[in-house]
Amino acid sequence: MDSALRRVLLIALLGAVVIAGVWWLRVAGWLRSARARADSEFALSERAHHEGDFESAMRHMQNAVKLDPHFVEAREGLAAMYEQHRGLDAAVAEYERGIKEDPQNEARYCYRIAEMYFVSRQWEPALKWLKRSGDLDPNDFHVQRMMGFCLERMGRWQEAERHWSQMLTKNANSADVQRGLERVRRHLKNAKEQSGKGG
């Protein structure tokens, strides 16, 4: 066999090896984007969660967040699993990590933290995180509405009335806001009547 033919065969063989190697790396997932791998980890986490394997579900969700720190749904899923299996503090810590790693979604993460505190009836920290979220996105109706509820539950009725009144100027057709303001005014009226009867 002459040297020109050997060179052609060697180049063809090397080409086949490179193509096979690239194909294998692609199949193994090494050549996929970080987001594509994060999506796969997210899907594996959901499957494990539905099968009741919570440790695997958390591990896959952690991998998804590590691969793509801007994958909001993965971070929210991980924080929800932490809250369910490790407690509120672990979930809050995950969102605080998210605020550092993914600052463009800070308002959303602050709202999620506030939601967890609200559900666990911890009004002060809920209000603190709502105010932080509201400072970042003052037009978020859900944040503003939850602030009104927190103020009521904390017994800060005058402040709640001002808050609901301000909301009503921006959301005149919102039944939630109208009911909130009516509820607070009714409470203030009853409290005034009760204090008048006692004196």
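This structure is a prediction, so every number in the text was calculated from the model and none was measured.

Q: Can you explain the overall build of the protein? Please cite residues and give values.
A: A tally of helices and strands in the protein yields ten helices and zero strands. Across the protein, helices and strands are ordered from the amino to the carboxyl terminus as α-α-α-α-α-α-α-α-α-α. Its C-alpha atoms give the protein principal-axis dimensions of about 115 × 35 × 25 Å. The buried share of the protein, reckoned over its 199 residues, is 35%. Long-range pairs, those at least 24 residues apart, make up 45% of the contacts in the protein between residues at least 6 apart in sequence. For the protein, the exposed surface amounts to about 12300 Å²; the carbon and sulfur share of it is 54%. Side chains of the protein give 31 positive and 28 negative charges; the mean places of these two sets differ by 2 Å.

Q: A description of the pattern of salt bridges should follow, citing residues and the corresponding values.
A: Counted by the stated rule, this structure contains 15 salt bridges. In this structure, Arg35 engages Asp39 in a salt bridge whose closest nitrogen and oxygen atoms are separated by 3.1 Å. With Arg35 and Asp39 both in helix α2 (residues 34-50) and four residues apart, this pair spans about one turn of that helix. On the basis of relative accessibility, which here comes to 37%, the residue Arg35 falls in the partly exposed class. Between Arg156 and Glu159 there is a salt bridge, with its nearest N and O atoms 2.9 Å apart. Residue Arg156 is classed as partly exposed on the basis of its relative accessible area of 28%. Given the relative accessible area of 26%, Glu159 is considered partly exposed. Beyond isolated ion pairs, a larger network of salt bridges with shared partners links Arg75, Glu94, Arg97 and Glu101.

Q: Residues and numbers for the environment of His60, please.
A: Looking at the secondary structure, you find His60 in helix α3 (residues 54-67). For His60, a relative accessible area of 16% translates into the label buried. Separated by 41 residues in sequence, His60 and Glu101 place their C-alpha atoms 19 Å apart.

Q: Describe in detail the nonpolar core, supporting the description with residues and values.
A: The biggest cluster of nonpolar side chains holds 46 residues, and the ones touching the most others in it are Ile113 and Leu130. In terms of residue count, helix α6 (residues 106-119) provides more of this core than any other element does, eight residues in total.

Q: I'd love a proper account of the side chain of Glu106, names of residues and values included.
A: Following the sequence through the fold, Glu106 ends up in helix α6. Overall, the relative accessible area of 16% leaves Glu106 in the buried class. Side-chain polar atoms of Glu106 contact the side chain of Arg132, separated by 2.8 Å. Aside from chain neighbours lying at most four places away, what touches Glu106 is Ile99, Arg132 and Leu136.

Q: Run through a nonpolar patch on the surface, naming residues and quoting values.
A: A contiguous nonpolar patch, built from Leu10, Leu13, Leu14 and Val17 and spanning about 390 Å² of accessible area, is present on the exposed surface. Given the relative accessible area of 53%, Leu13 is considered exposed.

Q: Provide a residue-level description of the packing of helix α8 (residues 141-153) against helix α9 (residues 157-170), including the pertinent values.
A: The contact between α8 and α9 brings their axes to 8 Å, and the two run at 160°. As the angle between them shows, α8 and α9 are arranged roughly antiparallel. Seen along the crossing, α8 lies across α9 with a hand that is left-handed. On the side of α8, the interface is formed by Phe141, Gln144, Arg145, Met147, Gly148, Phe149, Leu151 and Glu152, while α9 contributes Trp157, Glu159, Ala160, His163, Trp164 and Met167. By residue class, the composition of the contact of α8 with α9 is eight nonpolar, three polar and three charged.

Procedures and definitions
- Each chain carries its own residue numbering, running from 1 in the written order of its sequence.
- Two thresholds apply to this predicted model, a pLDDT of at least 70 for residue-level local features and 80 or more for giving and counting side-chain atom pairs, whereas whole-chain, interface and lining totals are computed over all residues.
- Hydrogen atoms and water are omitted, and side-chain values are computed over all heavy atoms in the structure.
- Only runs of H or I of at least four residues qualify as helices and only runs of E of at least two qualify as strands under DSSP, and these elements are numbered from the N terminus.
- With a 1.4 Å probe rolled over the protein chains alone, any residue whose accessible area is under 20% of its type maximum counts as buried; one over 50% counts as exposed, and the rest are partly exposed.
- Working rule for contacts: check all heavy atoms of both residues, and any pair within 4.5 Å makes them a contact.
- Reported accessibility uses the Shrake-Rupley method at a 1.4 Å probe radius. Residues are deemed covered only where the shown protein chains occlude them.
- Working convention for charge: Lys and Arg count positive, Asp and Glu count negative, and His plus the chain ends are omitted.
- A charge is said to be at NZ when it belongs to Lys, at CZ for Arg, at CG for Asp and at CD for Glu.
- We define a salt bridge as a side-chain nitrogen of Lys or Arg found within 4 Å of a carboxyl oxygen belonging to Asp or Glu.
- Note on terminology: a nonpolar core comprises buried Ala, Val, Leu, Ile, Met, Phe, Trp, Tyr and Cys residues joined through side-chain atoms within 4.5 Å.
- Whenever two N or O atoms come within 3.5 Å, that pair is a polar contact, provided that in protein one can donate a hydrogen and the other can accept it, and provided that, for residues adjacent in sequence, both atoms are side-chain atoms.
- Patches here are clusters of residues that have more than 30% relative accessible area and form no salt bridge, with a 9 Å joining cutoff for like charges and a 5 Å cutoff for nonpolar side chains (Val, Leu, Ile, Met, Phe, Trp, Tyr).
- Axes, fitted as lines to C-alpha atoms, cover a helix only where it is in contact. Angles between the N-to-C directions of the axes lie from 0 to 180 degrees.
- Roughly parallel means an angle under 35 degrees; roughly antiparallel means over 145; roughly perpendicular covers 65 to 115; every other angle is labelled oblique.
- Should the near helix be turned counterclockwise from the far one by less than a right angle, the crossing is left-handed, whereas a clockwise turn marks it as right-handed.
- Three residue categories are used. Nonpolar comprises Ala, Val, Leu, Ile, Met, Phe, Trp, Tyr, Cys and Pro, charged comprises Asp, Glu, Lys and Arg, and polar comprises the others, including Gly.

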